[in-house]
Amino acid sequence: MSYQHTMKNGEIVDLPVGKVVCVGRNYAEHAKELNNPVPTEPILFIKPASAVVDMRQPIVIPEDQGSCHIETEMALLIGKELRRDTGPQVLEAIIGVGLGFDLTLRDVQNRLKDKGHPWEKAKAFDGSCPLSPFVSPSGFRWDDVSIELRRNGAVQQQGNSGDMITAVAELLSHIAQHFALQPGDVVLTGTPAGVGPLSAGDELLAVLDDQLSVASEVVARCS
Ligand code: ZN
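Residues numbered from 1 in each chain as written. Predicted model: local features only at pLDDT ≥ 70, side-chain atom pairs only at ≥ 80, totals over all residues. Heavy atoms only, no water.

Student: For this particular structure, what's the right way to read the overall build of the protein chain?
Tutor: From N to C terminus, the protein chain includes four helices and 17 strands. Whereas a compact globule of 223 residues would reach a radius of gyration of roughly 17 Å, the protein chain reaches 16 Å, a difference of no more than 12%. Along the three orthogonal principal directions, the C-alpha set of the protein chain runs to about 45 × 35 × 30 Å. Per-residue burial over the protein chain gives 51% buried out of 223 residues. (Helix = DSSP H or I, 4+ residues; strand = E, 2+ residues; numbered from the N terminus. Rg over C-alpha atoms; globule rule 2.2 N^0.38 Å. Buried < 20%, exposed > 50% of the residue type's maximum accessible area, 1.4 Å probe, protein only.)

If you want it as structure tokens, here you go:
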């Protein structure tokens, strides 16, 4: 799999699917709904390339590992390496904007958290990162992007990037101090409130501003 991305000049570039760097609790309302403290610095974790699937395909959730929550997030496709870069120019590394689902095995995650263990078994499983196609970032104001998830016709999540605790430029700068972002990597910017468990047969519609809307359906599979 690769990302086919059309640049502003019309050129089509093929980017390898890299890692997905995610931020936990980047919206205060979401931290509260899970009874978590609001963090003082971004909580980062990574999903490997093997977690990435196409959001337009059926969303496959493991059937036998407890609840699988959906978190709907703005996704940023990186087109230029960021390594210890800081400042507003980090925004120039974003070549695409899309939607990502940060699928989370919540019961597994709670068990891991209780033991102080890493979250990967809950967050990085195969298929845990459905991504939409990416559109050009030129139409976006980073502090005013609306994110919505409808599940079976009802609004489940509704948020705006203006409510992010760590805003986009600051987030990319922070990530780049810890690990390099490379072309083909994706950053998930955190979920607004309204996360909840998925069930087989759910019909999902994720909407990013007036720029993108992606429908998918949920199927369950025994692992
Ligand atoms: Zn998330």
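Student: Where do I start with the pattern of salt bridges in this structure?
Tutor: Side-chain pairs of opposite charge can arise where the charged atoms are in close proximity. Applying the stated criterion to the full structure yields 11 salt bridges. The shortest N-O distance in the salt bridge between lysine 19 and aspartate 185 comes to 2.6 Å. Separated by 166 residues along the polypeptide, lysine 19 in the loop between strand S2 (12–16) and strand S3 (20–24) and aspartate 185 in the loop between helix H4 (168–178) and strand S14 (186–188) bring together distant segments of the chain. Note that arginine 150 is salt-bridged to glutamate 148, the shortest N-O span being 2.9 Å. Of the residues examined, arginine 150 reaches a relative accessible area of 31% and is grouped as partly exposed. The exposure class assigned to glutamate 148 is buried, which follows from its relative accessible area of 15%. (Salt bridge = Lys/Arg side-chain N within 4 Å of Asp/Glu carboxyl O.)

Student: What is the right way to read the packing of aromatic side chains from this model?
Tutor: What characterises a pair of aromatic rings is the spacing of the ring centres plus the angle enclosed by the ring planes. In this structure the tally under the stated criterion is two aromatic pairs. The interplanar angle of 10° and the centroid separation of 6.1 Å between the aromatic rings of phenylalanine 140 and tryptophan 142 together place this pair among those described as stacked. (Phe/Tyr/Trp six-rings, centres within 6.5 Å; stacked < 30°, edge-to-face > 60°.)

Student: When you look at helix H2 (residues 106–115) in this model, what are you seeing that I'm missing?
Tutor: Counting along an α-helix, one turn takes 3.6 residues, and residues three or four places apart therefore face a common direction. Turning to H2, its buried residues number three or more, namely Arg106, Val108, Gln109 and Leu112. Projected onto a plane normal to the axis of H2, the buried residues spread over an arc of 155° and lie on a single side. Exposed positions of H2 whose direction lies more than 90 degrees from the buried face are Arg111, Asp114 and Lys115. At its buried positions, H2 is contacted by strand S7 (68–70), strand S10 (104–105) and helix H3 (120–123). After H2 finishes, the residue glycine 116 shows a positive phi value of roughly 75°. (Arc of directions from axis to C-beta. Contact = heavy atoms within 4.5 Å.)

Student: Please explain the pairing of strand S1 (residues 2–6) as it appears in this structure.
Tutor: A regular strand places its side chains so that they alternate between the two faces of the sheet. Of the two faces of S1, only the one carrying Tyr3 and His5 is buried; Ser2, Gln4 and Thr6 on the other face are not. Note: S1 against S2, five bridges, orientation antiparallel. Counterpart to histidine 5 in the pairing with S2 is valine 13. (Pairing = 2+ DSSP bridges.)

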